[in-house]
Structure formats: structure tokens, C-alpha cells
Amino acid sequence: MPTIVHAPYALRRGLLVDDLALCVDGEYIVDAGKLAELVARHPDALRVGGDDYILAPGFTNAHDHGRALGALALGLPDSFLETWLSQLARLPSIPPYLAALYSGLQLLKSGVTAVAHSHNPISWSELSVEIPESLRGYRKAGIRVAMHPPIIDQHHLVYAERQRFLNMLPLESREALGAANGIDLSADEYFAILDDLYSAFHDSARHRAHIQVSPAGGQWCSDELIVRACEWARSRHTRVQMHMLETQYQRIYAYKTWGKSFIRHLADIGVVGDWLTLAHMVWVEDDDIELLADCGVGVVHNISSNLRLRSGMAPVAEMVAAGVKVGIGLDGQTLDDDQDFLREMRLAWTVGNRSGMAATDLNAEIVWRMATSAAAEIAFGAGAPLGELEVGGLADLILLDLDAIRGKWAPAEYPSPELLPAYLLRRSRQEHVRHVMVGGEWVISDGERVNFDLSEVEREIWEGLNFETKRKSSSLPTVLREFYRTWNDGELPILQR
């Protein structure tokens, strides 16, 4: 039976409209207009919503890792990315199915209806098993996923100067790490796995799952691998997502290696286009922002992660003003370790508005688009009908509790329509998400998962954790910090931030 979803206010294309009702039939929005008009056209439809709600598209988390629990909860404190990554494999692992299931359930409660999952393998040799299990977990949760199986083929210890780094280690660590070759998965094996995954799971019709390709980061992948990955994606009309310029040391690596910026190098080897999404981009060159916009490259902004791992703050307002498509991603490292997407939006908005009267503004309407239509486009592609409340679009939407957002000390009248997008962005939190629909199905009702026992999933995860098996002392973080301390950016172009 068709369902009419309605609210006195709705966020559409990042702007506020009043008295919007949508008619959902099956997985799609089939009609839109004022409530009275839709009731007249669909008199037998069910009705959900009311005067106490705000209607909005479901959010797209454009870059995450689906860890289920934050690294801090598993015993790894925040640090610089390079030292933090050296300890990540020591954490207790959660089976991919449970990790994806729990991650998906957490995101849905936050209003996220689609996620881009950058996979962290427990075992590279088991990648062909882990990815289907992760997909099964997200499918069970009821959330859409753009899946990024990763690949690296170089620099797994440090970005360059490997021998100097090894010489700084204690002898026993030097011998063990000196013999390490990174991952036991060849490029040919990786692309064979991708072919199988694409044939079995890629859904370009209903967009429940996309299989994409992920050279994990420019510094960890050879030019040959990146070119091959992009060719693979383009021949199948899917996307590429890479970590890029997350830290200043990755920027320095590019100049040490090629004498030019990372983005200019990618352009020179022919891998910059509208099928590419780059996560983080904290240290992008000012002169390269226009190139990104001209080529249609997507960028994912991960403000909490960038702050927690001491990477810096990306020039988001400048990128958006230049026409770069920017989405928001949680990266599994939210400020409060809670996957609250609305808080991430608020943080991106607040920090994105820099000091100084000459600063470029990042307004609330832009941030709403960064969380919905822009994020959906750079995660799933422009052809996926996601991220908007439009007829013909997939019915992924949320209802926010407007009265709870206003609180007891709100003005007698609702905020003015011009103020409401900013008002909502400043005050909304995860607990204000009351109802969530994915593909025409209510998956969250009154703030709780429909027909699902979340506590049982939590029990299975807790019982499977073993905090002792991988806890070993390591000198790596200390030596890595000392190693990178000598990487000087004094001769690089100055970033005007």
C-alpha cells in the first residue's frame, strides 16, 4: 500500500520548503506536493508524519571503515595517523559480518541510509571471504553500501627512506620488519577477487550495494596499480575511492618523489576524473582545487578524524566555493566515538567557517547538501537516485523531531524559514532522528530499530573480543615519530590557509 510521508517543513536540495508530502510506493518516491494535494490523489495511502517533524533525505556517510567499535574503545588512543596506523593491526578483531551489521545499525539510528565502506582486512589472504561477509552484515542491517576492497603494493612501513627508518629500530625489530613485504595479495589476485565480487554483488538497478575499487592511498600504491584500478572502474561504470593527502607527510612524500603536488601527479598519469573520490584532502594545494573542480573529482571531508589524528583541517569552504563536490564521512572516528552524523555535520560547519572577515563562508544549506545529495553522488555516482526528495528517487528519508530540537526554551513561534536550516544544524543530534526509511521500508521507528534485537548483536561482539591476543609492546610509534620529525616542508609551496 502506498504511504504518504509529510511534515510542515522539509529540507529539499539543501533548502527549506514548507508543507511537503511524499508518496512512496514500493522502493521509490512516486509523487510529491502539498499534503492536501497528495491525499486527494492517493486517498487510500497510509499517512506517516505530522506537525512535529522535519522531513529530510537520508544521509550518506561517504567514507567509513565499518569497525563497529572505535579504535579507542578497543585500546588504541588517538595519535598521529602514521603512528596510529602502526598499531591498528594489534587491536582485537571483530568478525566482518558482525562489524558491518553493528556499524549499519548504528548509522541508521543516526539517519544515515547509505555508507561508503573502506575495508580494513583482518587477513589479506581472506579478502574474498571478508567482503561478502561485510556485505551480508550491511544487507541484514538494511543500509546501502558502496564497498571498497583495498589494495596496496608499496611503502607499508614508511612512505620513503625505508632503510633509514629500519636503521633507527632496535635490532630485533629491524630484522623482523626488514623481512616483511607488506601484504600477501598480488595485483592480479586482487583484481580477480574484484571481478567475482562485481559479478555477484554490484547492484546498479536498486543500488543496495556497489562494488568499487580502492587503491588505499597514493603513497601506498604504485602508479601502475592506480592506473589499473581506474581502468577497471571506468570499464565497469563504477567508482574509485582513495585516501589522499590526509597528513602533511603525504604532501611532503609527493614532492620528495615527483617534485610536484600529489594531485598534479595524478593528473599527469591520467587518473583524475568524475569517477574518482578522494578522502580527507587536508593538505591539498591551493592551486589544485580548481583542477579538482574542473575534473569533477569528489572529496570526502572527515573533520572528526582529521582532528583526532592531528592531521589538520581541510579547506572545505574553499573547495565548495570553487565547485568541488564535497561530502561528509565519519571515518569511524567521530569526535565523541558515537557515529552521530548530525554532530559531524555541525562540527564540519563550525570549523569550516574560519576566522577573519575575508574568510570564505560555509553556510548551513551547503552542509545539508554535503550530507545528502553531494555525499550520495561522490559515494554512489551521479546516476544513483539518492540524496534528494524527488519523484523517481529511491525512498530513503528521515523524520526529525522538531519539538525536541526546539526544546522547552524555544520561541513561541518556530524559527523563520530563512533561519531554520541553520537552527536545525546547530541543535540537531542523533537522538532527534525518530523515523528512518530505506527503499520504502521503515527501518527505524520512534528512534528504535524495527524488529531487531540490537542487544543480541552487542552480546555476540563482546563475547568474541579477546583483548590479550594482540597486545604487545612496540617501539614503532616512538621511532616513527622521530623518523617523520625530520621530514621538513620548509621548501614546499606555502598553503594559504
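For the structure itself, consult the block above.
Calculation notes
Along every chain, residues carry numbers that run from 1 in the direction the sequence is written. Given that the model is predicted, a residue must reach a pLDDT of at least 70 before its local features are reported, and side-chain atom pairs must reach 80 or more before they are shown or counted; all residues, however, enter totals for whole chains, interfaces and linings. Side-chain descriptors were evaluated using all non-hydrogen atoms of the structure, hydrogens and water having been removed beforehand. Relative accessible area decides the class of each residue, using a 1.4 Å probe on protein chains only: under 20% of the type maximum gives buried, over 50% gives exposed, and in between gives partly exposed. We count a stretch as a helix when DSSP gives it H or I for four or more residues in a row; a strand needs E for two or more, and each element gets its number in order from the N terminus. Note on pairing: DSSP must find at least two bridges between two strands before they are called paired. Classification remark: right-handed applies to a crossover when, strands pointing away from the viewer, the course from the first strand over the helix to the second runs clockwise. A 1.4 Å probe that fits into a set of points on a 1 Å grid over the protein atoms alone but cannot get out defines a cavity; an open set with protein on both sides within 12 Å along at least five of seven lines defines a pocket, and lining residues are those with an atom within 4 Å of a point. Grid points are joined across faces, edges and corners, and a volume is the space filled by probe spheres set on the points. Salt-bridge detection follows one rule: a side-chain nitrogen of Lys or Arg within 4 Å of a carboxyl oxygen of Asp or Glu. Two cysteine sulfur atoms make up a disulfide if the distance between them is within 2.5 Å.

## Digging into the pairing of strand β13 (residues 276-280)
Summarising burial for β13: 5 of the 5 residues are buried, a large majority. The pairing of strand β12 (residues 240-244) with β13 spans 5 bridges and is classified as parallel. Residue pairing for β13: His243 is matched across the bridge by Ala279. The sheet contact formed by β13 and strand β14 (residues 298-301) spans 3 bridges and is parallel. Of the residues in β14, the one forming a bridge with Thr277 is Gly298. The parallel pair β13 and β14 is bridged by helix α11 (residues 289-295), and the resulting crossover is right-handed.

## Quick look at empty space enclosed by the protein
Counted under the stated rule, the structure contains 1 cavity of 30 Å³ or more. The volume enclosed by the largest cavity comes to roughly 60 Å³. Together, Leu11, Arg12, Arg13, Gly14, Pro57, Trp368, Arg369, Thr372, Ser373, Gly387 and Glu388 line the largest cavity. When residues of the lining of the largest cavity are traced back to their parent elements, those giving at least two are β1 (3-12) and α15 (364-371).

## Some points on the pattern of salt bridges
A side chain of one charge can pair with a side chain of the opposite charge if their charged atoms are brought near each other. Across all of its chains, the model carries 26 salt bridges by this definition. Between Arg164 and Glu161 there is a salt bridge, with the nearest N and O atoms lying 2.8 Å from each other. The class of Arg164 is partly exposed, set by a relative accessible area of 30%. A salt bridge links Glu456 to Arg459, with the shortest nitrogen-to-oxygen separation between them at 2.3 Å. You can see Glu456 and its partner Arg459 sitting in helix α19 (residues 454-464), 3 residues apart, about one turn around the helix. A relative accessible area of 31% means that Glu456 is categorised as partly exposed. By relative accessible area, Arg459 is classed as partly exposed at 36%. A cluster of three or more residues bridged by salt bridges with shared partners is formed by Asp336, Asp338, Asp340 and Arg343.

## Side note on the state of the cysteines
Put plainly, a disulfide is one covalent bond tying together the sulfur atoms of two cysteines. Tallied over the full model, the rule gives 0 disulfides. A disulfide-free cysteine, Cys221 has its sulfur positioned 10 Å from the sulfur of Cys230, the nearest such atom. Relative accessible area serves as the criterion here: at 3%, Cys230 is assigned to the buried category.

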